[in-house]
Structures are given as structure tokens and as C-alpha cells.
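Breakdown of the fold
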Amino acid sequence: MAALEVTRWEGMAGLTARALAAKLGCSVKPIFGLFRNMEEVQCEVLAAADKLYQDYLHREMDKGQYPPYKASGMGYIRFAKEERELFKLLFMRDRSQEQIGDGMEEIAPLLAMLEKNVGIDRKKAYRFHLEMWIYVHGIATMIATSYLDWGMDFISDVLTDAYAGLKCRFGGEEA
């Protein structure tokens with residue numbers, strides 16, 4: 001998708017009808033023959049970026065290099081490292097005007113892993129995941145904004161440390 005490619009390099013602000021037409025080698029007329037406006041194009045880009053992100057997660061988890069819960073965090077960070085503008089689009093945009101649910105259904109498999117691996121109930125697993133996600137998101141954000149450029153081996157080590165600390169904290173309490 002040409003619009004995704006433009007966004008990949010220029011960010012959503014760079015996705016204009018003129019830029020898309022240039023990428024396609026045509027005038028803007030065919031674009032508005034397929035879409036009513038640029039907002040529709042942006043919605044398609046968001047959906048395509050989310051699919052690409054999901055592919056990163058599944059690929060990382062399927063590799064078997066890390067335990068599945070850790071692999072989800074590594075996939076999130078790898079996406080930030082390799083697809084900086086798309087990461088910013090999905091996870092660093094103003095969401096104040098959007099309807100955002102609690103996300104429980106989306107992360108239910110991760111919560112089930114934590115419940116089993118740490119021996120905690122769903123409520124504690126949710127809190128554990130939130131704290132771990134804050135850590136993972138912080139690393140991913142610093143990488144996406146070029147604040148730091150850690151290698152994946154070092155990232156793996158620090159995620160293990162954070163997980164171990166949270167496991168000690170949450171696993172040490174009565175479930």
C-alpha cells in the first residue's frame with residue numbers, strides 16, 4: 001500500500017494527496033476516486049499499520065527465541081526500532097478524542113500466561129502487565145524517538161530483570 005509507505009517514511013503529517021499521488025506516479029484524481037477524503041486514507045493506513053504491528057508480535061512469538069510473554073514485549077520494541085513512524089502513529093498519537101476500552105479482551109492471552117507462570121489471579125496479572133507494559137513502552141518510545149539505541153540482547157536482559165522484579169513482588173504476595 002503506497003499510503004503506508006509514505007507514512008512509514010514521512011509520518012502521518014507527510015501523508016498528503018500530493019505525496020501519495022507522487023508515490024503512485026499519478027494525479028490526485030484517482031485517489032479521490034477511491035476515497036472520499038484523506039481521512040479515509042488515514043484510516044486505511046492505521047489499519048495496515050496495526051496489521052503490520054500484529055505481524056511483528058506473532059513473528060516474534062513464533063520464533064521461540066523468548067518465552068511467549070517476553071516475546072510480546074520484544075516484538076513491541078522491535079516494531080518501534082524497525083518501524084519508527086508507524087510505531088509513533090499507533091502508540092504515540094493524541095488519543096484523547098478516541099473511544100478506548102480497557103483492552104482486557106486483547107490482552108487476555110497475556111494475562112493467562114502471567115496467571116499461570118507467576119501463580120496470581122487475574123486482577124494481579126492485569127496490574128503486573130500494566131507495570132511491565134509501562135517499562136516496555138518506555139524503552140520502545142526512547143528507541144522510536146532516537147533517544148537511545150540499545151541492542152536487542154541488552155533489551156532482552158533488562159526486560160528479564162524487570163520481569164523478575166515484578167514476579168518477586170507479585171508472586172511473593174498471597175494470590
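Residues numbered from 1 in each chain as written. Predicted model: local features only at pLDDT ≥ 70, side-chain atom pairs only at ≥ 80, totals over all residues. Heavy atoms only, no water.

Things to note about the packing of aromatic side chains
Filter applied, for reference: Centres within 6.5 Å are what make two rings of Phe, Tyr or Trp a pair, Trp counting through its six-membered ring; a difference in plane orientation under 30 degrees is then read as stacked, over 60 as edge-to-face, and the rest as tilted. Helical segments are the DSSP runs of H or I of at least four residues, strand segments are the runs of E of at least two, and each set is numbered from the N terminus. Classification of residues uses two cut-offs on accessible area relative to the type maximum, computed with a 1.4 Å probe and protein chains only: under 20% is buried, over 50% is exposed, and between them is partly exposed. Lysine NZ or arginine CZ positioned within 6 Å of the ring centre and within 35 degrees of the ring normal marks a charge as sitting over the ring.
Within the structure shown, the criterion is met by 13 aromatic pairs. Here the aromatic rings of tyrosine 53 and tyrosine 76 are separated by 5.9 Å at their centres, their planes lie at 80°, and the arrangement is edge-to-face. One end of the pair, tyrosine 53, is in helix H4 (residues 38–63); the other, tyrosine 76, is in helix H5 (residues 68–82), with 23 residues separating them in the sequence. Accessibility expressed as a relative area gives 9% for tyrosine 53, which makes it buried. On the numbers, 5.2 Å between centres and 45° between planes, the contact of phenylalanine 87 with phenylalanine 91 is tilted. You can see phenylalanine 87 and its partner phenylalanine 91 sitting in helix H6 (residues 84–91), four residues apart, about one turn around the helix. Classification of phenylalanine 87 as buried rests on a relative accessible area of 0%. Owing to a relative accessible area of 24%, phenylalanine 91 belongs among the partly exposed residues under this scheme. Put simply, the rings of Tyr53, Tyr56, Tyr76, Phe79, Phe87, Phe91 and Trp133 touch in pairs and so form one group of aromatic residues. When the ring centre of tyrosine 56 is taken as reference, the NZ or CZ atom of arginine 59 above it lies at 4.8 Å. Directly above the ring of phenylalanine 170 sits arginine 169, whose terminal nitrogen or CZ lies 4.5 Å from the centroid.

Focus on H4
Counted only if it meets this: By this rule the span expected of a helix is its residue count minus one, scaled by 1.5 Å. Whether two residues are in contact is decided by their heavy atoms: any pair within 4.5 Å suffices. Pairs of N or O atoms are called polar contacts if they sit within 3.5 Å, as long as, within protein, a hydrogen donor faces a hydrogen acceptor (for residues adjacent in sequence, only side-chain-to-side-chain pairs).
In this model H4 runs 37 Å from its N-terminal to its C-terminal C-alpha over 26 residues, within 8% of the 38 Å that 1.5 Å per residue would give. Each element contacted by the buried residues of H4 is listed here: helix H1 (2–10), helix H2 (17–24), helix H3 (29–34), H5 and H6. Its side-chain oxygen placed 3.1 Å from the backbone nitrogen of glutamate 39, asparagine 37 serves as the N-cap of H4.

Quick look at unusual backbone geometry
A positive phi angle is found at serine 146, which is not glycine, with a value near 60°. Tracing the backbone shows serine 146 in the loop between helix H8 (122–144) and helix H9 (152–171).

Brief notes about the environment of glycine 73
Structurally, the position occupied by glycine 73 is in helix H5. Taking the C-alpha atoms as reference points, glycine 73 and leucine 86, 13 residues apart in sequence, are found 17 Å from one another. Beyond its immediate chain neighbours, meaning those up to four positions away, glycine 73 contacts Val136 and Leu159.

Considering the nonpolar core
Heads up, the condition is: Among the buried residues, those of types Ala, Val, Leu, Ile, Met, Phe, Trp, Tyr and Cys that are joined through side-chain atoms within 4.5 Å form a nonpolar core.
With 52 residues, the main nonpolar core has Leu15, Val41, Ile77, Phe79, Phe128, Ile155 and Leu159 as its most contacted residues. Looking at this core, the elements with two or more residues in it are H1, H2, H4, H5, H6, helix H7 (104–119), H8 and H9. Apart from the residues lying within four places of it in its own chain, the contact partners of isoleucine 77 are Val136, Ile139, Ala140, Ile143, Met152, Ile155 and Leu159.

Describing the side chain of lysine 70
Let me state the cut-off plainly: Neither His nor the chain ends contribute to the count of charged residues, in which Lys and Arg are positive and Asp and Glu negative. Salt bridge, as used here: a side-chain nitrogen of Lys or Arg that lies within 4 Å of a carboxyl oxygen of Asp or Glu.
Structurally, lysine 70 is set in helix H5. We note that lysine 70 is buried and unpaired, the nearest opposite charge coming from aspartate 157 at a distance of 5.8 Å. Setting aside chain neighbours within four positions, we find lysine 70 in contact with Ser156, Leu159 and Thr160.

Things to note about the pattern of salt bridges
Taken as a whole, this structure holds twelve salt bridges when the rule is applied. Across the pair arginine 8 and glutamate 5 runs a salt bridge, and its minimum N-O distance is 2.3 Å. Taken together, the residues span about one helical turn, with arginine 8 and glutamate 5 both in helix H1 at a distance of three residues. For arginine 8, a relative accessible area of 17% puts it in the buried group. The partly exposed category is assigned to glutamate 5, whose relative accessible area is 26%. The shortest N-O distance in the salt bridge between glutamate 131 and arginine 127 comes to 2.7 Å.

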